[in-house]
Every structure is written in structure tokens, then in C-alpha cells.
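Observations on chain architecture
In case you want the letters, here they are:
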Amino acid sequence: GDQVEQSPSALSLHEGTGSALRCNFTTTMRAVQWFRKNSRGSLINLFYLASGTKENGRLKSAFDSKERYSTLHIRDAQLEDSGTYFCAAGNYGSSGNKLIFGIGTLLSVKP
Amino acid sequence: GPKVLQIPSHQIIDMGQMVTLNCDPVSNHLYFYWYKQILGQQMEFLVNFYNGKVMEKSKLFKDQFSVERPDGSYFTLKIQPTALEDSAVYFCASSLLGGSSYEQYFGPGTRLTVL
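So, here's what we can say about the structure. Along each chain, residues carry numbers from 1 onward, in the same order as the chain's sequence is written. Labels are handed out in written order, letters beginning with A for the chains and numbers beginning with 1 for the ligands. Totals for whole chains, interfaces and linings use all residues, but because this is a predicted model, local features are given only for residues with pLDDT of at least 70 and pairs of side-chain atoms are given and counted only at 80 or more. Side-chain measures here rest on the full set of heavy atoms in the structure, leaving out hydrogens and waters.

Digging into the interface of chain A and chain B
We count it as follows: Two residues qualify as a contact provided that any one of their heavy atoms is within 4.5 Å of a heavy atom in the partner residue. Values labelled buried area give the accessible surface lost by two parts on being combined, using a 1.4 Å probe and summing over both. Salt bridges, as used here, are contacts in which a Lys or Arg side-chain nitrogen is within 4 Å of a carboxyl oxygen on Asp or Glu. For this analysis, a polar contact is any N or O atom pair within 3.5 Å, provided that within protein one partner can donate a hydrogen and the other can accept it, and provided that sequence-adjacent residues contribute only side-chain to side-chain pairs. Secondary structure elements follow DSSP: runs of H or I no shorter than four residues count as helices, runs of E no shorter than two count as strands, and numbering proceeds from the N terminus.
Taken together, the contact between chain A and chain B spans 19 residues of the former and 22 residues of the latter. Summing the contributions of chain A and of chain B, the shared interface buries around 1800 Å²; its carbon and sulfur component is 51%. A per-residue breakdown of the area chain A buries against chain B is headed by Tyr48, Asn97 and Phe101 of chain A, which together make up 30% of the total. Viewed at the interface, chain B and chain A are joined by one salt bridge. As a salt-bridge pair, Glu56 of chain B and Lys98 of chain A come within 3.5 Å of each other at their nearest N and O atoms. Counting the contacts that link chain A with chain B gives five residue pairs in polar contact (both at pLDDT 80 or more). Of all elements in the fold, only strand E4 (31–37), strand E5 (43–49) and strand E10 (99–101) of chain A reach the threshold of two or more residues within the side of chain A that touches chain B.

Printed below as a string of C-alpha cells:
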């Protein structure tokens, strides 16, 4: 079936540095969402993209449907950025929408 | 941002009993969803619901599962009877309909333990 392959599974950054998370899709997806799970287990919406790139503060995301991938870039990482990040992609259509989730990336930001 | 509420946060139940999980979606949203996450595994789609009907369901949505949203009330997931393998965290989500409004917003989840 459709798959979302998320990498890396874990990432350690020092404060002030940056890196990228990536999701590859085994089939063409029409849109992607990125989430961060907070300390209470709730999913916080970071981005929704149907194409192109979006930026919000120190986070930037890109989605290429044709090339079947999406990225989440974090720059100038802060301690409070620590947590688990998920991508989820969907093929939205008349029968409804469903998201297929990646396994998540556990980000640890250290002083 | 938009908030989805779920009640209860935890539920412990004996195998074979019925359980109802409640979701209060974002007020103007029209599409509703349930996802299931077993500990250590990816979150997986169960079902979506629009205009009083199930639009799509996965193979995880067993015959013992049902969903409904009576007017003005919660969007519910009922499991009857429950089985041990139903133990998981169940997440509700909602979205608007149309164009770029498919963005889904998730509740905090209900942790279901079947004994």
C-alpha cells in the first residue's frame, strides 16, 4: 500500500544549529502536513502544503509531489524545539481524505 | 489554532464490553476522522465521515466499530464488543471541505486499554 518513509528516526542538534527532516512517498501525494507532538501528546500543526514551500519563523517546509518528497528544515534550533516531528501525506478526493503518517523523528536539542 | 477535544483522555475496559469515544471537532468543520495508534507504531487511518455518512474506511475499521454524529453532538467511535487488540490511542481529527481546506486538526487522543 501507500507508504511514507520518514528520516532520520532520531536527530540530535546543538542549540543554534540546524538540520532537515525528510519524508519520501512511494506514490504521488497531493498534499503533506507536518506536525510536532507536544509534551502532552497533542499534535501541533506546523505546515500544510499542496505544493512549493512555506516558512514560519525558524521552520521551513517544502513539498514536491512529482518527485514524491517533502522536507522540514529547522534553523537556529532552540531547546524548546525538542520533541517528535511527524509528516503525513494525503490524496484528497471526493471519497474523502486520509492521511498516511511517517514513523516520526525524535529531535533532541542540547545546550 | 483550531482545537479538537476528546473525552475521555483514558478509558480502561474489560474485553467484550462496549466503549464509546467522544470527539468535539472544530466548530465549522465538516469532515471528521478517526485514527488509531498502537504503542510504538505509526498512526493509522480508520475512517472518515461527512454529511452523516462514512466516506472511506480502512481494513482496521472492523465490523465491531461504528461512527456517528447526531446533530449538534459529539462525533463518536463505538466499539462493541471490544477485543484485546483494540488497545491503542485513538485520535480524532476534523477538517473543512474543499480546496486548500483539507488541513486536518487533531485532538489529544483517548488512550483505550482493553483488559
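Following the structure, the description resumes.
Remarks on the state of the cysteines
So the rule is basically this: Cysteine sulfur atoms that pair up within 2.5 Å are treated as a disulfide. Per-residue accessibility, obtained with a 1.4 Å probe over protein chains only, is compared with the maximum for each type, and a residue is labelled buried under 20%, exposed over 50%, and partly exposed between these values.
Tallied over the entire structure, the rule returns two disulfides over all chains. Residue Cys23 of chain A pairs covalently with Cys87 of chain A via a disulfide, S to S 1.8 Å. Since a negative S-S torsion denotes a left-handed disulfide, the Cys23 of chain A-Cys87 of chain A link at about -100° is left-handed. One end of the pair, Cys23 of chain A, is in strand E3 (residues 19–25); the other, Cys87 of chain A, is in strand E9 (residues 83–90), with 64 residues separating them in the sequence. Each of the two residues, Cys23 of chain A as well as Cys87 of chain A, counts as buried. Here Cys23 of chain B is linked by a disulfide to Cys92 of chain B, with a sulfur-sulfur distance of 1.8 Å.

A closer look at the side chain of Asn48 of chain B
Residues and elements named next belong to chain B. Structurally, Asn48 is set in strand E5 (residues 44–50). For Asn48, a relative accessible area of 0% gives the class buried. A distance of 2.8 Å separates a polar atom in the side chain of Asn48 from the backbone nitrogen of Glu56.

Topic: the sheet that holds strand E7 (residues 65–68) of chain B
Residue and element names in this part refer to chain B. Short version of the rule: DSSP bridges decide pairing: two strands pair if at least two such bridges lie between them. What counts as an axis is a line fitted to C-alpha atoms, over the stretch in contact for a helix, and the angles between N-to-C directions run from 0 to 180 degrees.
One open sheet accounts for four strands, arranged E1-E3-E8-E7; its pairing is antiparallel. Of all strands in the sheet, those with a lone pairing partner are strand E1 (5–7) and E7, marking the two edges. Sheet twist, expressed as the average angle between the axes of neighbouring strands with direction ignored, equals 20°.

A look at unusual backbone geometry
Across the junction of Ser7 of chain A and Pro8 of chain A, the peptide omega takes the value -10°, indicating a cis bond. Relative to the elements of secondary structure, Pro8 of chain A occurs in the loop between strand E1 (4–7) and strand E2 (10–14). Residue Pro8 of chain B is bonded to the preceding Ile7 of chain B through a cis peptide linkage, with omega at -5°. With respect to the helices and strands, the residue Pro8 of chain B is situated in the loop between E1 and strand E2 (10–13).

Section: the packing of aromatic side chains
Cut-off, in case you're wondering: Two aromatic rings, drawn from Phe, Tyr or Trp (for Trp, its six-membered ring), form a pair once their centres lie within 6.5 Å of each other, and the interplanar angle then sorts them: stacked below 30 degrees, edge-to-face above 60, tilted otherwise. Placement of a positive charge over a ring is assigned whenever Lys NZ or Arg CZ falls within 6 Å of the ring centre and within 35 degrees of the normal to the ring plane.
Scanning the entire structure with this criterion turns up 14 aromatic pairs over all chains. For the pair Phe61 of chain B and Phe65 of chain B, a centre-to-centre distance of 5.7 Å together with 85° between the ring planes defines the contact as edge-to-face. Assessed through its relative accessible area of 10%, Phe61 of chain B is described here as buried. A residue is classified by how much of its surface remains accessible, and Phe65 of chain B, at 5% relative accessible area, is buried. The rings of Phe35 and Phe101 of chain A together with Tyr31, Tyr33, Tyr35, Phe45, Tyr50 and Phe106 of chain B are connected pair by pair, giving a single aromatic cluster. Directly above the ring of Tyr69 of chain A sits Arg22 of chain A, whose terminal nitrogen or CZ lies 4.2 Å from the centroid.

Some remarks on the pairing of strand E7 (residues 59–64) of chain A
Residue and element names in this part refer to chain A. Pairing analysis gives five bridges linking strand E6 (residues 52–56) to E7, with the strands arranged antiparallel. Its bridge partner being in E7, Lys54 is matched across the sheet by Ser61. Taking the residues between adjacent antiparallel strands as the criterion, E6 and E7 are bridged by two residues, where Gly57 takes a positive phi near 65°. Relative to strand E8 (residues 69–74), E7 runs antiparallel, the two being bridged by six bridges. Across the sheet, residue Phe63 finds its bridge partner in E8, namely Ser70.

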